Structure formats: C-alpha cells, structure tokens
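Here's the letter readout for the chains.
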Amino acid sequence: MTRWVVLVGVVAGCVGYLVYSATGTQAEYYRTVAEVKGNPGGADSRVLGTVQNDVQRLDGGLEVRFTAAQDGVNLPVAFKGQLPDIFRPGIQVVVEGRMGADGVFQALTLLAKCPSRFTAAPAA
Amino acid sequence: MLLAELGAGALLAAFALAGFAAIVGLWSGWSRQPLLALVARRAFWGAGAGVVAASAALEAGFLTHDFSIYFVAAHSDLRMSGPLLAAAFYGGQEGSLLYWTLVLSVIGGVSLASAGSGRLGAYATGVLATIEAFFLAVLTLVASPFATLTPAPADGFGLNPLLRDSGMLVHPPFLLAGFAAFGVPFAFAIAALLAGHADAAWIAHTRRLALLAWGLQGAGLTLGMWWAYHVLGWGGYWGWDPVENVALLPWLATTAYIHSSQVQERRGMLKAWNFGLVILAFCLAVFGTFVVRSGIIQSVHTFAISAIGPWFLGFLAVAIVVSGALLALRAPMLRAERRLEAPLSREGAFLLQNLLFIGLAFTVLWGTVLPLVSGLLEGRQAVVGPSFYERATGPLFLTLLALLAAGPLLPWKRAGTAWLGALRVPAVIGLAAAAGLLAGGVREPLPLLLGFVIAAAGATSVMEFVRGGRFAARLPGSWPAAAVRLAARNRRRYGAYLAHLGIVVVAAGIAGSHLWQQERVAVVRTGQTLSVGRYALTLEETSLAVIDGNPTYTAVLGVGDEQLVARRTVYPTFGGQSATQVAIRSTALEDLYVVLADGTTPGQVTLIAFVNPLVSWIWAGAALLILGTLLGSWPGGGREPARLRVPATLPAPAGGAE
C-alpha cells in the first residue's frame, strides 16, 4: 500500500511542479485596451479588440497596421507576419505584444477569432 | 415545412420513449424484473428509431434545399451539392447535437443487444436512456434543428469557406462520434456499480466499447490535425487551443483506462481506479462540449454561443455527483484482490503510465481553464499559450516514451535481473540512433535524447513482432500462414504492439517537425527565387481569375523540374474573408509547404514557405495506431489474452502467469 502511495506522491509532485513552474513563467494576463494605453512599456500582454475599418497593408502584406477597439477605446496596432485567413475589419483579434513608445502596440502574435456560428455575415 | 414537422415530431416521440426507457430500465434493475428490462431496451431502440428518422428528415431538408428549416438555410445554399451538402448536417450546433444523439443511440443500441436482461443490462439501458433523454430534451426545448423560417428564403447563407473542404467530410463526424461514444462505457460502468458487479465481466464488456470511443476520438483528432495542416496554411497541425485541448482530454483518460483495465483483468487490482477513469472520460467529454458551446473560454474556434451551456453544466454536475456517490457507496466491493508485489513489474509500469496520462490530462485541463480560475481568484484573466504546454507536458511525454521502451518488457508480478538483459536491444538501438544524429551534426541534448528514447521504444515494439515471427516459424504449415494465424489468435497482443509502433512513429513525426521546422517569408516578383532549406522556389507566373464569383489568385512555382501551385480565394459573400489553398510537396522525410499570403497582387506575391520535416510520419503513425486498434478490438480470436501461448516476453518467475 505504501508503495502505491509513494509512487502516486512522486508523480503528482513532479506534475505539480511542472505545472506550477510553467504557469509562473508562461502565463500572460489579458489587459483591456485602456490599461495598455495607460501603461506604455511594461510586460508583454494580450489584448482583445475589434479590427476597425482602417486596415493598412505595407510591404506586400507582410506588415499590417490597424486600429483595435474595445469598449470605445482605440488602440493602434502594428503587426509583422502572416495574417490569419479570416483577418478583416469587423472581426475580433487577440494581439500579444507590448506598447511601443510611439503609442503603437507592437504585436508579436495575432490570433483571429473564427467568425462566430461558422455562417455567413448577413448580406451588407 | 413538412420535413420540419416530421423531424420535430420524431424528436419529440424519441424524447418521450427515452424518458420512458430510462425510468423502466432503472426500475427493472432495482426491482430485479427481467421482463421490464426487455421493455426498457425496446423503448430505447424505439427512441433510437425516432432519432434516425429525425436525422433523415434533416438530411432530406439539406438535399432538397428546404430553406423553410432555419438550420438548412443557415448552413447551406443552392450552389452546394454532393457530399459537402450532405455534410452541412453537422456544420452547425443543432445538427452536431443531433448527430451526437444519433451516434449514442446507435452504438448504445448495439451494445445493449448483447448485454442481456440481467440487472447489468437493465441498469445500462436506464443510464444510456437517461443520457439520450438529456440530449433529446436539449434538442426539443433549447436548440431545435427544426426551427422554421417563414417565409422561407429563396437561398441559404451557405457554408463558411473554411469548412468547404474534404476535411469537413471526415473530421467532425469522427470527433463528434468519439465524444458521443464515451457515453456508452460510462453507462456500463455506472450500471456495474448500481448492480454491484465489479467483476471482470464489466471490464470485458466495457473495454471494447472504450476502445471504440478511443479509436473514433483518435481518428477524429488526427483528421483534425490533418485538416488544420492542409487547409489553414499556418504550417502546423496542433495549436493547443482550448477547443483542441478539450477533445484531447477524454482520449488521454481513456488511454490510461485501456492499460489499467488489464491490471484488473490479470491481477484483480485497481478496480475503483478503473471505474473512476471511465467516469472521468465521460465527464471530460461533457465538460468539453460545455466549454466549446458556452463560449466561456476564449478560443480561436468560436462556435455558436447559445443557451445550451448551462444545460451541459447542470448535466455535468449531476454526472459527477451521482458517479462519485456511487463509487463511495460501492467502495467495499472495489477492494483489490491482491497487493502490488514489486514496483518494478508490469503492473507497476501500467500504474506509472496511468499516473503520467492523468498528469497530462490535468496539465492540459489546467492550461485550458486557467483563464476561468484566474478570473475568479484574481479578478483578471491569465492565459497560457503553446510554450506553457511544451514546458509542462514535454517531460511527461518524454517519460512516457521511455516507459514505452521499457514497460512492455517487464513481466507481471516482479521483474528479476532477466529484465535488464532484455533491455539491451532497445538500449543499443536507441544509442545507435543517437549516434546517428550526432554524426549527422545534431548537438543539442533534447533532439539526441528524443532520438534515443524514440528509437528504443520502436525497437521494443518491433521486437515483439520479431519474436512472434520466430515462434510462427516453428509452427506447422507455411510461415506466412502461421504468422497470420498467430496474429489473428492473439489480436489484443499484436494489435497493442502495432498501436505502440504507431505512437512511436507519430512521436518521431512530431519531434522532427517541431525541432527542425524552417520558415521563410518574402515578397517575390515573377522570375525571382526564394530559397528555403535545400529548395529554391522560382515564381513562374501569377494569375487572377474569378471562379464561382470568388476572385482567386494563383501562383505557379518551379522547384527543380516540378511545379507547385498555391492559391488564395477571396469570398465577397463572407465579408471578404479569404481562404488559402496550400501547395504541399510531400516526401517521406520532409514536406515543402508554400502558402500564398494575403496582400497578393498580380506579378507580385507574398510567399510563406516552410520545410516541415517528418510530418508524413504523423499520418502514417496514426494509420498504424488505428490499424492496431481495429486488430486489437476485432471480435473473436483468442477469447482471453494469449490463448495460443507465445513465450512471454520473459520467462515469468516461479508460479508464472496462469
């Protein structure tokens, strides 16, 4: 009986340590657009916002600049890299990165949320 | 309109029958009346017939473009036809739930046919009918696929472009069927607890059903990876997104069960643990549905967020409370018949494997629900990405691979020094692989360690076939015929080793594509060249054509004397959403993977090119895994493990296996 308990304890301890340390080093907090704007510099953070109608593509589409809005607060965002297929004005994106000194949020990753319901938008 | 009425009526009738079957089945088990068990079972089959009829009505609605049914109008249009139109059935929430109920009814109905009318069969009918009635209640009251639209629109909205792919035909049905199928072993586990039979009979009955659910879920997960890789164009196949994670969770718990159930069969230990695993798998499947459908956790996949979330949460709470109470109540019956003699034994290895898989499940669950937990405790949501999962699960996966190399060589009860001798072959082959990598210029410790462990695990699996082949050579008759006969009689054994080999190949594919992926992004004009890895890609021509009203960019690329064609289509009816068609040149050792990025204009394109080593090994390994699962669970053959005695991996100590 004690052998089982020891084995269970050791494995549980290892898993617990792995989870604890990985959470401590890898977790990021969601911040609101207002929080990010009020705190340039600082640690990496994730922000959820809706892409506004001002998407600019530079460098053959490799760089994109747009405004992400959340609760009526606007955040200029710059992102270099591959855009998700569904990226377009009106969708929600999660950007991860930090606020630059120039007031533009430099996104390192950009995730687009799939259109909800997987169905068509009502005809415009 | 007629189809909608028929379908809704069939669902309502099925709901009434399932409720009746649930009450009568549970009462029959309680009052020990076999006649009532038959009544309940027939009512369950009747409910199943209603679900089949409702599904047929919805499918007919799609095939005849009956846009008076809201669900049909929302997920298809007049231009769709053929298999994709038929597959739009599960292209949305209500249809997915109906499909789930259909799978539960069919697999549950078949499993009951052989369950007898004893108390186990009666209770199993009652529990299955309860689950079915819950789904039918949701389908009739909250999320009906037969809601109507008046007046019926002239055309439907169509299916999202991302779903217009052959992957849509195979990935969702397998994954949803897997989710649904976890309900069947759960029903038999609860029935065994209710009836007070914790003997090997319920394991024998449940093992095959659990394998079925596990195989379906495994196939669904693999097809999902294949789809993500071939369609989404990000060069990867697994993103640790919450929706992917919750599909993995019941699979992990059932992987543990498939192994620990053997400890109960052979040694009469881990009884309560086995019940717990089957219950856990089902609860995780329900939890997954809740997470996916409630929108409570941010995901890249957003499904319809609807009112069904609280229903599933309530159902999950009931399932956990009832199962927990039953397990506690039956605890005296679940005591182990024997004690663990030595940790260094087959059962010890199975236990360690189980703990590692449960540890993996816990880790993935933790990462998935962290936003909720931190939101509740700290008032702000913390999230983790792939780096968390790699750090936290990497060591667990590595240990599991090592166990895959050493565990199958361990004898039951107690390992002696002979075990160390048997470890020589995998150790030597593992070292040879590591040395090969070293000679190939690999210097980092992680790839070397992975190479060692993966090769050793592969050697252990292959050795089992070599040993069987040698044994077959000594049997009468021609060697191939004898070998096939041996494999057919020992299906479980050889199925399991084939599945192990599949896992090893998958592991090699994941390790290779993860460690050595190369990526280049560039803007390229016609005639210019982009090089990635050992490939030089020359843009030969670009074109823009309108296909079905959707502008489509095409880039033709020359690689050596071959041509690759990458496309990107824009869908104006979906708000300008575009979808890429990746160009993939696949070989046994690596894939060249080219995506035409957004921002493409004629004469100038933005290319993202990847070299993904060993990706095709993932698909090949998964195929082996599924073959092994089929072989191991195919009915007939040896009735019990190892009828035709192949000498055990090692001579068992005195007293030996029975």
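Residues numbered from 1 in each chain as written. Chains lettered and ligands numbered in written order. Predicted model: local features only at pLDDT ≥ 70, side-chain atom pairs only at ≥ 80, totals over all residues. Heavy atoms only, no water.

Our next topic: the interface of chain B and chain A. Counting residues at the interface gives 66 residues for chain B, matched by 41 residues for chain A. Surface buried jointly by chain B and chain A totals about 4,700 Å² across both partners, of which 62% is contributed by carbon and sulfur atoms. At the surface where chain B touches chain A, the tally comes to zero salt bridges. Where chain B touches chain A, the interface holds two residue pairs in polar contact (both at pLDDT 80 or more). Breaking the side of chain B that touches chain A down by element, the ones donating at least two residues are helix H3 (70-75), helix H13 (346-378), strand S1 (382-383), helix H14 (386-406), strand S2 (518-525), strand S7 (577-581) and strand S10 (604-613) of chain B. Taken together, the residues of the side of chain B that touches chain A sort by class into 36 nonpolar, 23 polar and seven charged. (Contact = heavy atoms within 4.5 Å. Buried area = accessible area lost by both parts, 1.4 Å probe. Salt bridge = Lys/Arg side-chain N within 4 Å of Asp/Glu carboxyl O. Polar contact = N/O pair within 3.5 Å; in protein donor to acceptor, adjacent residues only side chain to side chain. Helix = DSSP H or I, 4+ residues; strand = E, 2+ residues; numbered from the N terminus. Nonpolar A, V, L, I, M, F, W, Y, C, P; charged D, E, K, R; others polar.)

A few words now on the domain arrangement of chain B. In many analyses, interface size is given as the accessible surface area lost on bringing the parts together. All names here are of chain B. Each assigned domain of chain B is listed here: domain 1 (1-162) and domain 2 (518-615). Spacing between the C-alpha centres of domain 1 and domain 2 amounts to 43 Å. Contact residues are listed per partner, giving seven residues for domain 1 and four residues for domain 2. Approximately 480 Å² of surface area, both sides summed, lies buried where domain 1 meets domain 2, with 57% of it carried by carbon and sulfur atoms. (Domains from an automatic or database assignment.)

All right, on to the packing of helix H6 (residues 119-142) of chain B against helix H8 (residues 183-195) of chain B then. All names here are of chain B. Running from N to C, H6 and H8 point in directions that differ by 130 degrees, and their axes come no closer than 8 Å. One element, H6, and the other, H8, form an angle in the oblique class. The handedness of the crossing between H6 and H8 is right-handed. Along the contact surface, H6 presents Arg-119, Leu-120, Tyr-123, Ala-124, Val-127, Leu-128 and Ile-131, while H8 presents Gly-183, Val-184, Phe-186, Ala-187, Phe-188, Ile-190, Ala-191, Ala-192, Leu-194 and Ala-195. When the residues that make up the contact of H6 with H8 are grouped by side-chain class, the tally is 15 nonpolar, one polar and one charged. (Axes fitted to C-alpha atoms, helices over the stretch in contact; angles between N-to-C directions. Parallel < 35°, antiparallel > 145°, perpendicular 65-115°, else oblique. Left-handed = near helix turned anticlockwise from the far one by under 90°.)

Residue and element names in this part refer to chain B. Spanning 22 residues, helix H12 (residues 308-329) covers 32 Å between terminal C-alpha atoms, matching the ideal 32 Å at 1.5 Å per step. Those residues of H12 that fall on the buried side of the exposure criterion are Ile-308, Gly-309, Phe-312, Phe-315, Leu-316, Ala-319, Ser-323 and Leu-326. With its buried residues spanning 135 degrees around the axis, H12 presents them on a single face. Facing away from the buried side of H12 by more than 90 degrees, the exposed set consists of Pro-310, Val-321, Ala-328 and Leu-329. (Expected span 1.5 Å × (residues − 1). Buried < 20%, exposed > 50% of the residue type's maximum accessible area, 1.4 Å probe, protein only. Arc of directions from axis to C-beta.)

All names here are of chain B. One pass over the structure, following the stated rule, counts 22 aromatic pairs over all chains. Summarising the aromatic geometry, the rings of Phe-62 and Phe-71 are spaced 5.9 Å apart at their centres and angled 85 degrees between planes, so their arrangement reads as edge-to-face. The burial state of Phe-62 is the same as that of Phe-71; both residues are buried. Aromatic pair Phe-134 and Phe-315: ring centres 4.0 Å apart, planes at 5 degrees, arrangement stacked. (Phe/Tyr/Trp six-rings, centres within 6.5 Å; stacked < 30°, edge-to-face > 60°.)

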